[in-house]
Amino acid sequence: MTLLITGATGTVSGELLRALPSTSDVRVLVRDPKRAPQGVDVAVGDLELPETLTKAFTGVETLWLLTAMGPTAPHAVSNALWAARQAGVRHVVRMSAIGAGHDAPTRNGRLHALSEIELAASGLGWTVIRPAFFMQNLFGSVSGGTLYGPTGEGRLSLIDVRDIAAFAARVLADPRPHHGRTYTITGPESISLREAAARIGLGYQPVAPEDAHRAMLQAGLPEWDAAVNVEYARAYASGWGDYTTGDFAEVMGYQPRTFEAFAADHGDRLGG
């Protein structure tokens, strides 16, 4: 079985490569071969350019489909699914986003809903994974013993990216029992960023959405991404993400990491 990994230079797919029991039959799709992970078969291509995908998808049985957030994400997904069908791929495991739907409060969530519909209608075996807010997203939000956050007092079901990767690896190992399933995976509890900060000895400073938007632009984030992140922040502040699910434990047989366990492993980046 050849497994093709997209998004291989990103956070989630990078962790997925570490979570897989073996990479002997793994191929990664990258735009820049200089950035490709070591020890795996490398295919050069771009999901935005369908003419670059034929060779990369040849001989692939299972596809891990992760696309960057952005207004052209459905175009990239559509190209990947077309290439998968032409190559005879049997199963696609796609990473979506928590709360994806036509009524989602973010453009990203609504675009993910479009891609989920296309995947379900593709004739391919499919599984969708919708992870909650990444704990790792907080790495850049701590300064001087204070966690800064634009989600106000809203509670969210933070999940460690390592758990997302472990979950994906389990599904990819034998995707057949997961055909047609959409999993929403969350952390074990829903907490506010103020609570999270207090648990590890940090202060908490709420940040106004417009200030967060300005800071993201100053940090070099594209306007679309910054604006959508603010849409998420406002939704979380309203309580939109205040829930947990049992999907992770159903598949894995154990609970995902707590925030304290995550923080203990990353004290050098979080402080406290």
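From a predicted model like this one, the values you see are computed outputs, not experimental measurements. (Residues numbered from 1 in each chain as written. Predicted model: local features only at pLDDT ≥ 70, side-chain atom pairs only at ≥ 80, totals over all residues. Heavy atoms only, no water.)

Student: Would you take a moment to explain the nonpolar core for this structure?
Tutor: What tends to happen in soluble globular proteins is that the nonpolar side chains get buried as a cluster. If you look at the biggest cluster of nonpolar residues, it comprises 58 residues, and the most contacted ones within it are I5, L16, W64, F167 and F259. Excluding anything up to four places from it in sequence, F167 contacts I129, Y183, I185, D247, F248, V251 and M252. The next biggest cluster of nonpolar side chains, apart from the first, holds 22 residues, and it includes L47, V60, V89 and L119. (Core = buried A, V, L, I, M, F, W, Y, C linked by side-chain atoms within 4.5 Å. Buried < 20%, exposed > 50% of the residue type's maximum accessible area, 1.4 Å probe, protein only. Contact = heavy atoms within 4.5 Å.)

Student: Please clarify how the environment of N108 should be interpreted in this entry.
Tutor: Inspection of the secondary structure puts N108 in helix α4 (residues 107–120). The sequence separation of N108 and M69 amounts to 39 residues, and the corresponding C-alpha distance is 6.8 Å. Beyond its immediate chain neighbours, meaning those up to four positions away, N108 contacts M69, A97, W224, V228 and Y232. (Helix = DSSP H or I, 4+ residues; strand = E, 2+ residues; numbered from the N terminus.)

Student: Honestly, the pattern of salt bridges in this entry has me stumped. Any pointers?
Tutor: It is possible for side chains of opposite charge to pair when their charged atoms get near one another. On inspection of all chains with the given rule, the structure shows 15 salt bridges. E61 is paired through a salt bridge with R90; the nearest N and O atoms lie 3.6 Å apart. With E61 in the loop between α2 (54–57) and β4 (62–65) and R90 in the loop between α3 (73–87) and β5 (91–95), this pair connects stretches of sequence that are 29 residues apart. Residue classification places R90 among the exposed positions, given a relative accessible area of 61%. Between R162 and D265 there is a salt bridge whose closest N-O contact spans 3.0 Å. In this pair, R162 sits in helix α5 (residues 161–173) while D265 sits in helix α10 (residues 259–265), placing the two residues 103 residues apart along the sequence. Relative accessible area serves as the criterion here: at 45%, D265 is assigned to the partly exposed category. Counted as one network, the salt bridges with shared partners bring together D160, R162 and D265. (Salt bridge = Lys/Arg side-chain N within 4 Å of Asp/Glu carboxyl O.)

Student: Could you clarify how one ought to interpret the sheet that holds β5 in this entry?
Tutor: One key point about sheets: their strands pair by backbone hydrogen bonds, in either a parallel or an antiparallel sense. Taken together, the seven strands give an open sheet; going across it, the order is β3-β2-β1-β4-β5-β6-β10, and neighbouring strands pair in parallel fashion. Of all strands in the sheet, those bounded by a partner on one side alone are β3 (41–44) and β10 (181–185). Looking at each pair of strands side by side, their axes are set apart by 20° on average, direction ignored. One ladder, built from three bridges, connects strand β1 (residues 3–5) with β4; its direction is parallel. Bridged to L4 within β4 is L63. (Pairing = 2+ DSSP bridges. Axes fitted to C-alpha atoms, helices over the stretch in contact; angles between N-to-C directions.)

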